[in-house]
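Next come the chains, spelled out residue by residue.
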Amino acid sequence: MFTRAIVKLPGKSMINGMTGSKLGSPDHDLALLQHSRYVEALKECGLEVEILEAEEQYPDSTFIEDVALLTKNCVIITNPDAESRRGETAGIKNVLGKYYSDIETVSGPGYAEAGDIMMAGSHFYIGLSERTNLPGAKQIIKHLEKYGMSGSVVKLEKVLHLKTGVAYLEHNNLVACGEFLSKKEFQEFNVLKIDDDESYAANCVWINDRVLIPEGYPKAKKIIESSGYTCIETDVSEFRKLDGGLSCLSLRF
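About the thresholds
- Residues numbered from 1 in each chain as written.
- Predicted model: local features only at pLDDT ≥ 70, side-chain atom pairs only at ≥ 80, totals over all residues.
- Heavy atoms only, no water.
- Phe/Tyr/Trp six-rings, centres within 6.5 Å; stacked < 30°, edge-to-face > 60°.
- Helix = DSSP H or I, 4+ residues; strand = E, 2+ residues; numbered from the N terminus.
- Buried < 20%, exposed > 50% of the residue type's maximum accessible area, 1.4 Å probe, protein only.
- Lys NZ or Arg CZ within 6 Å of the ring centre and 35° of its normal.
- Core = buried A, V, L, I, M, F, W, Y, C linked by side-chain atoms within 4.5 Å.
- Contact = heavy atoms within 4.5 Å.
- Pairing = 2+ DSSP bridges.
- Axes fitted to C-alpha atoms, helices over the stretch in contact; angles between N-to-C directions.
- Expected span 1.5 Å × (residues − 1).
- Arc of directions from axis to C-beta.
- Polar contact = N/O pair within 3.5 Å; in protein donor to acceptor, adjacent residues only side chain to side chain.

Chemist: Help me understand the packing of aromatic side chains, please; the structure alone is not making it clear to me.
Modeler: The way to describe two aromatic rings as a pair is by their centre distance and the angle between their planes. Applying the stated criterion to the full structure yields 10 aromatic pairs. Plain terms: the ring middles of phenylalanine 2 and tryptophan 206 are 6.0 Å apart, the flat faces sit at 65° to each other, and that makes the pair edge-to-face. Of the two residues, phenylalanine 2 sits in the segment before β1 (4-8) while tryptophan 206 sits in strand β12 (residues 205-207), which places them 204 residues apart along the sequence. Comparing phenylalanine 2 with tryptophan 206, the two get one shared label, buried. The residue whose ring lies beneath arginine 240 is tyrosine 200, and the NZ or CZ to ring-centre distance is 4.6 Å.

Chemist: Looking at this structure, how should I read unusual backbone geometry?
Modeler: Most peptide bonds are trans, and most residues other than glycine sit at a negative phi. Of note, the bond from glycine 108 into proline 109 is cis; its omega dihedral lies within 30 degrees of zero at 10°. Here proline 109 shows up in the loop between β5 (103-105) and β6 (117-120). One non-glycine residue, histidine 171, lies in positive phi territory at about 55°. Located in the positive-phi region is aspartate 209, a residue other than glycine, with phi close to 65°. Relative to the helices and strands, aspartate 209 is located in the loop between β12 and β13 (210-214). Given a relative accessible area of 35%, aspartate 209 falls into the partly exposed group.

Chemist: Whenever I open this one, the nonpolar core confuses me. Can you help?
Modeler: Nonpolar side chains in soluble globular proteins tend to end up buried together. Core analysis: the largest hydrophobic core is formed by 41 residues, its most contacted members being Leu42, Leu169, Val175, Val211, Leu212 and Ile224. Going through the elements one at a time, β1, α1 (28-44), β12, β13, α4 (218-225) and β14 (230-234) are the ones with two or more residues in this core. The residues contacting isoleucine 224, other than those within four sequence positions of it, are Leu169, Val175, Cys204, Val211, Ile213, Tyr229 and Cys231. Residues Val106, Ala112, Ile141 and Leu144 belong to the second largest nonpolar core, which totals 15 residues.

Chemist: Hey, could you run me through the sheet that holds β1 in this one?
Modeler: Sheet strands associate in pairs through backbone hydrogen bonding, adopting either a parallel or an antiparallel arrangement. With mixed pairing, 3 strands are arranged side by side in an open sheet as β2-β1-β15. Of all the strands in the sheet, the pair left with one neighbour each is β2 (48-52) and β15 (251-252). Note: β1 against β15, 2 bridges, orientation antiparallel. Bridging from a neighbouring strand, isoleucine 6 pairs with leucine 251 of β15. Of the strands in this sheet, β1, β2 and β15 are in contact with α1, which crosses β1 at around 175°.

Chemist: I would appreciate a short explanation of α1 in the present structure.
Modeler: For α1, which comprises 17 residues, the first-to-last C-alpha distance of 24 Å matches the rise-based estimate of 24 Å (1.5 Å per residue) to within 8%. For α1, the full list of buried residues reads His28, Ala31, Gln34, His35, Tyr38, Val39, Ala41 and Leu42. Viewed end-on, α1 has its buried residues packed into an arc of 155°, placing them on one side of the element. Exposed positions of α1 whose direction lies more than 90 degrees from the buried face are Asp29 and Arg37. The backbone nitrogen of aspartate 29 has a side-chain oxygen 3.0 Å away, supplied by the residue at the start of α1, namely aspartate 27.

Any functional reading would require information beyond the geometric quantities listed.
Here you go:
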């Protein structure tokens, strides 16, 4: 069960954020509104939410999940592949020091973003992507093992981050789409298949037996609800323009 979340407001500089999408430039005012509704959804799930101020010098910093992996035993501060994001790690380390006494770090030549890391119990699946390399993954696994946890790597073929296309919803249920449907690493789970035309909804978030999903994906919502979950929809269209999803926008612990 989670009790807290940390989010960071999107700055006006988000219009200069990294993206591979062709959805246009985000509207900052609309992004602020959507972010506030995202915070309310987190609170609806029973979380106390700490809201950090925007950091204009870091256009992608609202995607706070990428710079830290939070576990029950420790924090691992990541090392983003994009040089424009590496400055975000010092600030989040200071924030998390209020809640955790054990903080580890990833250093070069290892690179990692926590959007590539999915927790399933005490095991962590780490996607090897354009943002996370093998040296980074090996450092994370070493840190996890130090605290009695484990990790393994999953090679990505098409998506930006591991959690772009897969989400663990506890109770052995895994939402998946595209390349993840056939990954041998995930065959032990009860896979809830998301159709390609609603693949964006695969980036959903389990919080205390509720599931946050992006607004506007009725088939995905029906599939998840049929497995016994209550879904909370929230619109994150402006963050999608920067290749971001629901999980990217918060640290939950």
